[in-house]
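Here is how the chains run, residue by residue.
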Amino acid sequence: MTGTMDARESVLGRVRDALTLAPKPPASVERGYRRGRTLPDEERLDLLVDRLVDYKATVHTCVADTTAAVVAQVLADRGARTVGVPPSLDPSWLADFDGTVREDSADVPAPRLDDLDGVVTASAVTCAETGTIFLDGSPDQGRRALTLVPDLHVCVVDLSSVEVGVPEAVARLVPERPTTLISGPSATSDIELERVEGVHGPRTLDVVIRTDV
């Protein structure tokens, strides 16, 4: 028993010595993040388009009155005949689409979503500087599986929801909501740096930017 106690005291003694020698907690770090940056609409749009194209997304611009026509043309060009939509997507956006529209719900098993030719959703906020679109699971964006399983995602972005940088974009999000960040079509690279698309989500991303909203 004495040997056990001696070993215990030896270990505790080393712990106390280490705590004594340990550096003091670091001083608080000044985090002077850039916030509140703005750009005129035209410059913000140009910056976003440049980033999205660099990420291999296809970009279309329109005004609110031509949203349906542009979305229908995009779907036709992609050969999409059956598309999924979140439950509260603006129905007028698909008014010119002559295919089949299926409203998604939690009752639809995720594997069934693979039967869709594509999906059309809205977006929560977008960062122009990084070309990143944020989805927050709102009723017009749907659950995460809806935008990850189908091979085509047509995402409608209002220019009024586009912020310059990440801090400004994040500030518009609700922290408690599930957030999906999209920077171009799904892509990854293996050890040989060979780009493979569609591994973790849709291989094709079409972004429809409405400039007068």
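Higher on the page you've got the structure.
Residues numbered from 1 in each chain as written. Predicted model: local features only at pLDDT ≥ 70, side-chain atom pairs only at ≥ 80, totals over all residues. Heavy atoms only, no water.

**Regarding the pattern of salt bridges**
Selection rule: Salt bridges are defined by distance alone: a side-chain nitrogen of Lys or Arg within 4 Å of a carboxyl oxygen of Asp or Glu. Each helix is a run of DSSP H or I of at least 4 residues and each strand a run of E of at least 2, with the numbering of both proceeding from the N terminus. The buried label applies to any residue whose accessible area, calculated with a 1.4 Å probe on protein chains only, is under 20% of its type's maximum; exposed applies above 50%, and partly exposed to all values in between.
In this structure the tally under the stated criterion is 14 salt bridges. Two residues, R37 and E129, come together in a salt bridge whose shortest N-O distance is 3.0 Å. Placement of R37 in the loop between α1 (2–21) and α2 (41–54) and of E129 in the loop between β5 (125–127) and β6 (132–135) is noted, with a sequence separation of 92 residues between them. Overall, E129 belongs to the partly exposed group, its relative accessible area being 28%. Note that R51 and D50 form a salt bridge whose closest N and O atoms lie 2.8 Å from each other. Ionic contacts of the salt-bridge type, sharing partners, join the residues R8, E9 and R16 into one network.

**What to know about the pairing of β6**
Walk down a regular strand and you will see the side chains alternate between the two sheet faces. To keep it simple, the criterion reads: Any two strands between which DSSP finds at least two bridges are classified as paired.
Burial along β6 is two-sided: the face carrying T132 and F134 and the face carrying I133 and L135 are both buried. Alignment of β5 against β6, held across 3 bridges, turns out to be antiparallel. What sits directly across from C127, in β6, is T132. Turn length for the β5-β6 hairpin, with the two strands adjacent in sequence and antiparallel, is 4 residues, and the turn residue G131 shows positive phi of about 65°. Pairing of β6 with strand β9 (residues 180–182) involves 3 bridges; the strand directions are antiparallel. The partner of I133 across the bridge, within β9, is I182.

**What about the sheet that holds β9?**
As summarised here, the arrangement of the 4 strands in space is β8-β5-β6-β9, forming an open sheet in which the pairing is mixed. Each edge of the open sheet carries a strand with a single partner, namely β8 (162–163) and β9.

**Looking at the state of the cysteines**
To keep things clear, this is the line we draw: In plain terms, two cysteine sulfur atoms within 2.5 Å form what is called a disulfide here.
Counted by the stated rule, this structure contains 0 disulfides. The cysteine C62 is free of any disulfide, with C155 supplying the nearest cysteine sulfur at 12 Å. Among the residues examined, C62 registers a relative accessible area of 6% and is labelled buried.

**Considerations on the nonpolar core**
Selection criterion: Think of a nonpolar core as a cluster: buried Ala, Val, Leu, Ile, Met, Phe, Trp, Tyr and Cys residues, connected wherever their side-chain atoms sit within 4.5 Å. Note on contacts: a residue pair qualifies if any of its non-hydrogen atoms lie within 4.5 Å across the two residues.
Residues V71, L75, L89, L94, V120, V154 and V208 are the most contacted members of the largest nonpolar core, which totals 18 residues. If you list the elements that add at least two residues to this core, you get α3 (67–77), β2 (82–85) and β7 (152–158). Excluding residues within four positions of it along the chain, V71 makes contact with W93, L94, V120, V156 and V208. By size, the runner-up hydrophobic cluster in this structure holds 16 residues, among which are A128, V157, V207 and I209.

**Brief notes about unusual backbone geometry**
The residue K56 is not glycine, and still its phi comes out positive at about 70°. The topology assignment puts K56 in the loop between α2 and β1 (58–62).

**Quick notes on α2**
Short version of the rule: Under the convention used throughout, the expected extent of a helix is 1.5 Å for every residue step, that is, one less than its residue count. Working note: the arc is built from the helix axis to C-beta atom directions.
Over its 14 residues, α2 extends 20 Å from the first C-alpha to the last, a length consistent with the 20 Å expected when each residue adds 1.5 Å. Taken as a whole, α2 has its buried residues at R44, L45, L47, L48 and L52. All buried residues of α2 project into a common sector of 165° when viewed along the axis, lining one side. Away from its buried face, by an angle of more than 90 degrees, α2 presents the exposed residues E42 and D54. Lining the buried residues of α2 we find β1, β5, β6, β8 and β12 (204–210). K56 sits one or two positions beyond α2 and adopts a positive phi of about 70°.

**Things to note about the sheet that holds strand β4 (residues 118–121)**
The line we're drawing: Convention adopted: a line fitted to C-alpha atoms gives each axis, helices being fitted over their contacting stretch, and angles between N-to-C directions are expressed from 0 to 180 degrees.
Pairing in this open sheet of 6 strands is parallel, and the strands run β1-β12-β7-β4-β2-β3 from one edge to the other. Looking at which strands have only one partner, the edges of the open sheet turn out to be β1 and β3 (100–103). Strand-to-strand, the axes of this sheet are offset by a mean angle of 25°, without reference to chain direction. Packed on one face of the sheet, α2 meets β1 and β12 and runs near 175° to β12.

**Describing α3**
Listing the buried residues of α3 in full gives T67, A68, V70, V71, A72, V74 and L75. In this structure, the buried side of α3 is in contact with β1, β2, β4, β7 and β12. Two residues or fewer after α3 comes G79, characterised by a positive phi angle close to 70°.

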